[in-house]
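Residue-level structural notes
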2 protein chains.
Amino acid sequence: MPKQDYFKNLLKANGLKVTNQRIAILEVLEDRPGEHLTAEEIYGLVKEKYPEIGLATVYRTIQMLSELEVIDKLNLDDGFVRYEIGNRGKEGSHHHHHLICLNCHSVFTFEDDLLEVLEERIQNSLGFRVVDHEVKLYGYCKNCSEHDYEESR
Amino acid sequence: MPKQDYFKNLLKANGLKVTNQRIAILEVLEDRPGEHLTAEEIYGLVKEKYPEIGLATVYRTIQMLSELEVIDKLNLDDGFVRYEIGNRGKEGSHHHHHLICLNCHSVFTFEDDLLEVLEERIQNSLGFRVVDHEVKLYGYCKNCSEHDYEESR
DNA sequence: GTATGTGCAAAGAATTTGCACCCGA
DNA sequence: TCGGGTGCAAATTCTTTGCACATAC
């Protein structure tokens, strides 16, 4: 398990301790790449393997994971902050964009480096140096566009 | 005041009443284009002209304004939902993008239609029809890039 | 052994809601 | 008149925090 070793080293490098709770939370997130989990959802899933865990530990750990850039924060404007495992260190660490269906509320991801052109323009015209971005595109997914989108209103 | 008439007609067209509170809230937002106000900030500003207003009315009104697409919702991940007056009905109703400085936390806006190319690609490759988007670019503004960015950490 | 981490419960903070009264159409 | 709108306070909901105990190193 290379990712876990990476994580353990990352913890040690930052003077943090490797605990069962932290490993359990990481495992839950690792098992669900591409999913966008809320703290409560992560809590529920971790409880299956580690029933004694507290919700506060989950909050504290995901905050730490986010600061260490192991996971990405995501806000779908439904009142929950969501998290997904990142792919730092792997091949092209392209940030993906999120496509959110306004009808069925499913979330798709889309990789594209068009943003780099935009970021260069901004650098040149405004002197603003972009280091990260979040792109959310709202619309109707293929399925909902084809069938009417009247169902889940 | 053309925008206010538009708003009054919009209310009537939706079977909603024109109240002093609603007008006062709209005026506050109209007076501050380009600003990103929280509910609490709007509340404070409206109170100057209309001291009896309640916070709940502000929440109810901005929610309504958002649904009527008179204002845009914006989340800068600081724990507050923010709102700004939109420019529907006016010339090119280009959505602008937000540039967020990670050092001084100022927010700049940037207009660009590069996203339309991206949206077309998505339409063609995934069949996902995009109707709206939100783009946030994080980085360091010109001023903070030039001087070190150590101040407001 | 000691500083860091954890679980619990309580506190906080943003937003929503119930309800009696008010007011625009 | 009368149904929608408002103000207030209470309720909800997500998240953070204080503290005593537990545990990694």
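In what follows, the accompanying structure is described. (Residues numbered from 1 in each chain as written. Chains lettered and ligands numbered in written order. Predicted model: local features only at pLDDT ≥ 70, side-chain atom pairs only at ≥ 80, totals over all residues. Heavy atoms only, no water.)

**Focus: the sheet that holds strand β6 (residues 129-140) of chain B**
- Across the sheet, 6 strands lie side by side as β5(A)-β4(A)-β6(A)-β6(B)-β4(B)-β5(B); this open sheet has mixed pairing. Each edge of the sheet is formed by a strand with only one pairing partner; in this case those strands are β5 (107-111) of chain A together with β5 (107-111) of chain B. Averaged over all pairs of adjacent strands, the angle between their axes in this sheet comes to 25°, without regard to strand direction.
- In the sheet, strand β4 (residues 96-101) of chain B pairs with β5(B) via 5 bridges, with the strands oriented antiparallel. Note that in β5(B) the partner of Ile100(B) across the bridge is Val107(B). (Pairing = 2+ DSSP bridges. Helix = DSSP H or I, 4+ residues; strand = E, 2+ residues; numbered from the N terminus. Axes fitted to C-alpha atoms, helices over the stretch in contact; angles between N-to-C directions.)

**Some details on unusual backbone geometry**
Residue and element names in this part refer to chain A.
- Phi is positive for aspartate 77, which is not a glycine, with a value near 60°.
- Mapped onto the secondary structure, aspartate 77 falls in the loop between β2 (71-75) and β3 (81-85).
- With a phi angle near 65°, histidine 105 is a residue other than glycine that sits in the positive phi range.

**Topic: the relation of the copies chain B and chain A**
- Of the transformation superimposing chain B on chain A, the axial component is 0.0 Å and the angular component is 180°, with the fit at an RMSD of 0.0 Å. Put plainly, the chains are arranged around a two-fold axis. Relative to the rotation axis, the C-alpha of Val135(B) is the closest in chain B, positioned 2.3 Å from it.
- In this assembly, 100% of the residues forming the interface of chain B have copies in chain A that are likewise at the interface, indicating an isologous arrangement. (Least-squares fit on C-alpha atoms with pLDDT ≥ 70 in both. Contact = heavy atoms within 4.5 Å.)

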